[in-house]
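What follows is each chain in one-letter form.
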Amino acid sequence: MDWGMKNRLAQIIKGDGKCMFLPIDHGYFQGPTRMLEKPGETIAPLIEFADALFVTRGVLRSCIDTRNTPPIILRVSGGSSVIGQALENETITTSIEECLRLNVQAVGMSIFVGSDYEFQSLSNLGKLVNECERYGIPVMAVTAVGKELEKRDARYLGLCCRIAAEIGAKVVKTYWCEDFDKVVDGCPVPVVMAGGPKCETELDAFNFVHDGMSKGAIGLNLGRNIWQHQYPVPMMKALRAIVHDDASVADAREIFETEKSK
Ligand code: 5RP
């Protein structure tokens with residue numbers, strides 16, 4: 001691996017091999033998602049605890065201060081909306097020149113394995129990896145399920161993650177599921193977990209994050225469970241402790257309660 005690629009990866013994955021990405025890219029197909037109507041305001045108190053932000057170029061340019069930002073993972077796929085015909089029908093929306101101009105540390109795009117647009121999204125991933133390898137930019141593949149949340153089981157997600165890695169993703173973002181070790185064990189590159197719709201309680205989030213970390217995930221790309229929570233900073237700190245400090249679920253709960261009462 002060349003120096004540039006290694007250096008970019010080292011900026012988003014910390015020295016302990018773990019990472020806590022904060023995704024705020026949801027608007028690219030959902031519009032003004034609840035609590036993300038003004039992304040700059042939502043993330044202002046959270047930014048110091050994030051190892052990287054996952055964001056589109058539009059929000060990056062309009063809402064993120066150039067002098068106060070963690071490393072950037074740029075969301076570069078899109079083209080469909082939540083009210084359109086098919087969420088899976090995506091293209092690459094952002095050129096490699098834009099990624100370089102914006103000085104991003106990585107890029108991310110969705111793949112839709114098993115959908116009508118499987119071939120399209122997987123060949124998009126191949127083309128993006130080809131371009132990004134030329135300039136030393138890591139690609140994070142997002143194993144998206146569109147509106148079919150019930151698809152999230154180890155067999156399906158394991159298939160998606162492995163395919164993403166085979167095509168050249170340097171990191172794969174997927175959902176936590178039962179038997180998560182099967183997903184991680186079949187994927188030769190690091191796996192990070194997304195949250196999906198907000199869990200009912202913070203304990204549910206701590207439990208799945210702790211389970212996923214103990215089964216080999218290297219970290220999180222967790223959005224709604226943090227910034228849609230009533231106490232986003234305590235959530236961020238508690239989850240960060242699970243990711244970076246091997247905190248137990250009980251430790252995380254204690255951190256959450258302590259931070260909440262401040
Ligand atoms: C949405 C995404 C998000 O980055 C991903 O789903 C993580 O966010 P959340 O934890 O809210 O699901 O890819 O397009």
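Residues numbered from 1 in each chain as written. Predicted model: local features only at pLDDT ≥ 70, side-chain atom pairs only at ≥ 80, totals over all residues.

A. Up close: the overall build of the protein chain. On a plain count of helices and strands, the protein chain comes out with twelve helices and ten strands. Against the 2.2 N^0.38 benchmark of 18 Å for 262 residues, the protein chain shows a C-alpha radius of gyration of 17 Å, consistent with a compact globule. Seen along its three principal axes, the alpha-carbon backbone of the protein chain occupies a region of about 50 × 40 × 40 Å. Sequence separation of at least 24 residues holds for 66% of the intrachain contacts in the protein chain that already meet a minimum separation of 6. (Helix = DSSP H or I, 4+ residues; strand = E, 2+ residues; numbered from the N terminus. Rg over C-alpha atoms; globule rule 2.2 N^0.38 Å. Contact = placed C-beta atoms within 7 Å.)

B. How the structure looks around the site of the ligand. The environment of the ligand is made up of 13 residues, and the closest members are Pro23, Ala194, Gly195, Gly223 and Arg224. Split by residue class, the shell around the ligand holds five nonpolar, six polar and two charged. (Near = placed C-beta within 6 Å. Nonpolar A, V, L, I, M, F, W, Y, C, P; charged D, E, K, R; others polar.)

C. Representation of the packing of helix 9 (residues 202–214) against helix 11 (residues 232–245). Viewed as axis vectors pointing N to C, helix 9 and helix 11 meet at an angle of 20°, and their least axial separation amounts to 10 Å. Between helix 9 and helix 11, the angle is such that the two are roughly parallel. The two elements helix 9 and helix 11 meet at a crossing, and its hand is right-handed. Of helix 11, the residues touching helix 9 (which contributes Glu202, Phe206, Val209, His210 and Met213) are Met235, Ala238, Leu239, Ile242 and Val243. In terms of residue class, the contact of helix 9 with helix 11 is built from eight nonpolar, one polar and one charged. (Axes fitted to C-alpha atoms, helices over the stretch in contact; angles between N-to-C directions. Parallel < 35°, antiparallel > 145°, perpendicular 65-115°, else oblique. Left-handed = near helix turned anticlockwise from the far one by under 90°.)

D. Representation of the sheet that holds strand 7 (residues 139–143) within the structure. With parallel pairing, the eight strands of this closed barrel are ordered in space as 1-2-3-6-7-8-9-10. Sheet twist, expressed as the mean angle between neighbouring strand axes with direction ignored, is 25°. Relative to strand 3 (residues 72–75), strand 2 (residues 52–55) runs parallel, the two sharing three bridges. Paired with Leu53 across the two strands is Ile72, which belongs to strand 3. (Pairing = 2+ DSSP bridges.)

E. Up close: helix 6 (residues 118–135). For helix 6, spanning 18 residues, the distance from its first C-alpha to its last is 26 Å, which sits close to the expected 26 Å at 1.5 Å a residue. Where helix 6 is buried, its residues touch strand 4 (77–78), strand 5 (91–92), helix 5 (96–101), strand 6 (106–111), strand 7 and helix 7 (154–167). At the C-terminal side of helix 6, Gly136 shows a positive phi close to 75°. (Expected span 1.5 Å × (residues − 1).)

F. Representation of the pairing of strand 9 (residues 191–194) within the structure. Taking every second residue as pointing to the same face, both faces of strand 9 are buried, with Val191 and Met193 on one and Val192 and Ala194 on the other. Relative to strand 9, strand 8 (residues 171–175) is paired through four bridges, and the arrangement is parallel. In the strand pairing of strand 9, Lys173 is matched with Val192. With helix 8 (residues 180–185) bridging strand 8 and the parallel strand 9, this β-α-β connection has right-handed handedness. (Buried ≥ 20, exposed ≤ 12 C-beta atoms within 10 Å, placed from the backbone. Right-handed = clockwise from strand over helix to strand, strands pointing away.)

G. Looking closely at the pairing of strand 7. By the criterion of burial, strand 7 is predominantly enclosed, with five of the five residues buried. A two-sided burial pattern is seen for strand 7, the buried positions comprising Val139, Ala141 and Thr143 on one face and Met140 and Val142 on the other. One ladder, built from five bridges, connects strand 6 with strand 7; its direction is parallel. When the sheet's bridge partners are listed, Met109 is paired in strand 7 with Ala141. The parallel pair strand 6 and strand 7, bridged by helix 6, forms a crossover whose chirality is right-handed. In terms of strand pairing, strand 7 meets strand 8 through three bridges, oriented parallel. For Ala141, the partnering residue across the bridge sits in strand 8 and is Val172.

H. Up close: the environment of Arg101. Inspection of the secondary structure assignment puts Arg101 in helix 5. Here the alpha-carbon distance between Arg101 and Met236, two residues 135 residues apart in the chain, equals 30 Å.

I. Highlighting the environment of Gly17. Looking at the secondary structure, you find Gly17 in the loop between helix 1 (3–12) and strand 1 (19–23). With 10 C-beta atoms counted inside 10 Å, the residue Gly17 sits in the exposed group. Between the C-alpha atoms of Gly17 and Tyr28, which are eleven residues apart in sequence, the distance is 29 Å.

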